[in-house]
Amino acid sequence: MNIIFLAAPGAGKGTLSDMLKAKYGYNHISAGEVLREEVSSGSELGNEIKAIIDKGMLIDDELMKKLMLKKLSSLDKSKNFIFDGYPRTVVQVNHYKEICKELEIEEAYGIYLYIDKDVAMKRALGRRNCPNCKRGYNIYSDDFKPMVEGICDDCNVELISRNDDNEESFNKRFDTYLKETEPLIKIFDVEGKLVEFDALKNSSKLFSEIEEFLEKNK
Ligand code: AP5
Ligand code: MG
């Protein structure tokens, strides 16, 4: 089954996607990662995208459609897909349906991860990543702390923070989520394609609940 994580910033979309990918070999399409790759390329488009991400705002729907179509076309369609952060607006839901039709990808089931703003903010502000292998860490969580403070367990290089993981950007991202993305939960629910999980739980517990759901709904 293909899935879409519908959730606020910091809820755990990326973390759960990595766990599912490692265990079941999903294609993981993170809209944020697709955009950050464009930023890292140093292109003019990348610089424009960076300015928008840093402000916690959303990239234009048409541009997102183009980038997602390109990314999805490059992936192995024999594996299931995890959509992490796309679609994020009502217009993007229509685009996503058009993309699925064009590429003959089965439409996904929405997994809504519920989380309080204060917990989500603490998770985002405590997030660190390895610039080399991209592994995610969190300085406030015993489950995700690196063995040596500030250093990747696997690569032995210094961990970094995302530019948009500051209080100001987070507040804007969360407001944008409430205004633009939360309405999607109703859309998926009305279509009978929504399941909800409590993202306040620790990630192993949450992961096994999601596994159980996926197992039952193969
Ligand atoms: P994106 O990269 O998608 O960021 P986001 O939506 O703000 O979500 P995050 O990545 O911050 O949170 P997450 O849910 O993945 O949490 P994670 O698993 O890392 O998008 C960035 C920006 O790109 C957007 O703001 C926008 O500008 C643009 N963009 C992206 N998609 C777009 C679109 N479709 N249209 C237009 N613009 C778009 O977890 C967070 C931390 O918590 C980690 O440190 C982790 O270790 C820890 N953690 C995770 N789970 C748990 C747990 N259960 N218990 C304790 N700690 C946990
Ligand atoms: Mg993420």
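Thresholds applied
Residues numbered from 1 in each chain as written. Chains lettered and ligands numbered in written order. Predicted model: local features only at pLDDT ≥ 70, side-chain atom pairs only at ≥ 80, totals over all residues. Heavy atoms only, no water. Helix = DSSP H or I, 4+ residues; strand = E, 2+ residues; numbered from the N terminus. Rg over C-alpha atoms; globule rule 2.2 N^0.38 Å. Buried < 20%, exposed > 50% of the residue type's maximum accessible area, 1.4 Å probe, protein only. Contact = heavy atoms within 4.5 Å. Lys, Arg positive; Asp, Glu negative; His and termini not counted. Charge placed at Lys NZ, Arg CZ, Asp CG, Glu CD. Axes fitted to C-alpha atoms, helices over the stretch in contact; angles between N-to-C directions. Parallel < 35°, antiparallel > 145°, perpendicular 65-115°, else oblique. Left-handed = near helix turned anticlockwise from the far one by under 90°. Nonpolar A, V, L, I, M, F, W, Y, C, P; charged D, E, K, R; others polar. Domains from an automatic or database assignment.

Section: the overall build of the chain
Next, step 1: The helix and strand tally for the chain stands at nine helices and seven strands.
Next, step 2: The C-alpha radius of gyration of the chain comes to 17 Å, within 12% of the 17 Å expected for a compact globule of 218 residues.
Next, step 3: The C-alpha extent of the chain, read off along each of the three principal axes, is 45 × 45 × 35 Å.
Next, step 4: Within the chain, the proportion of its 218 residues that are buried is 44%.
Next, step 5: Considering only contacts in the chain between residues 6 or more positions apart, those separated by 24 or more positions represent 70%.
Next, step 6: Taken together, the 33 basic and 40 acidic charged side chains of the chain have centroids lying 1 Å from each other.

Digging into the packing of helix 2 (residues 31-40) against helix 3 (residues 44-54)
Next, step 1: The N-to-C vectors of helix 2 and helix 3 enclose an angle of 125°; their axes lie 7 Å apart at closest approach. Considering the angle they form, helix 2 stands oblique to helix 3. Taken as a pair, helix 2 and helix 3 cross one another with a handedness that is left-handed. Listed contacts from helix 3 to Leu-35, Glu-38 and Val-39 of helix 2 are Leu-45, Gly-46, Ile-49, Lys-50 and Ile-53.
Next, step 2: Looking at the contact of helix 2 with helix 3, its residues break down into five nonpolar, one polar and two charged.

Thoughts on the domain arrangement of the chain
Next, step 1: Taken as a whole, the chain is organised into domain 1 (3-116 + 165-216) and domain 2 (127-160).
Next, step 2: Between the C-alpha centres of domain 1 and domain 2 there is a distance of 23 Å.

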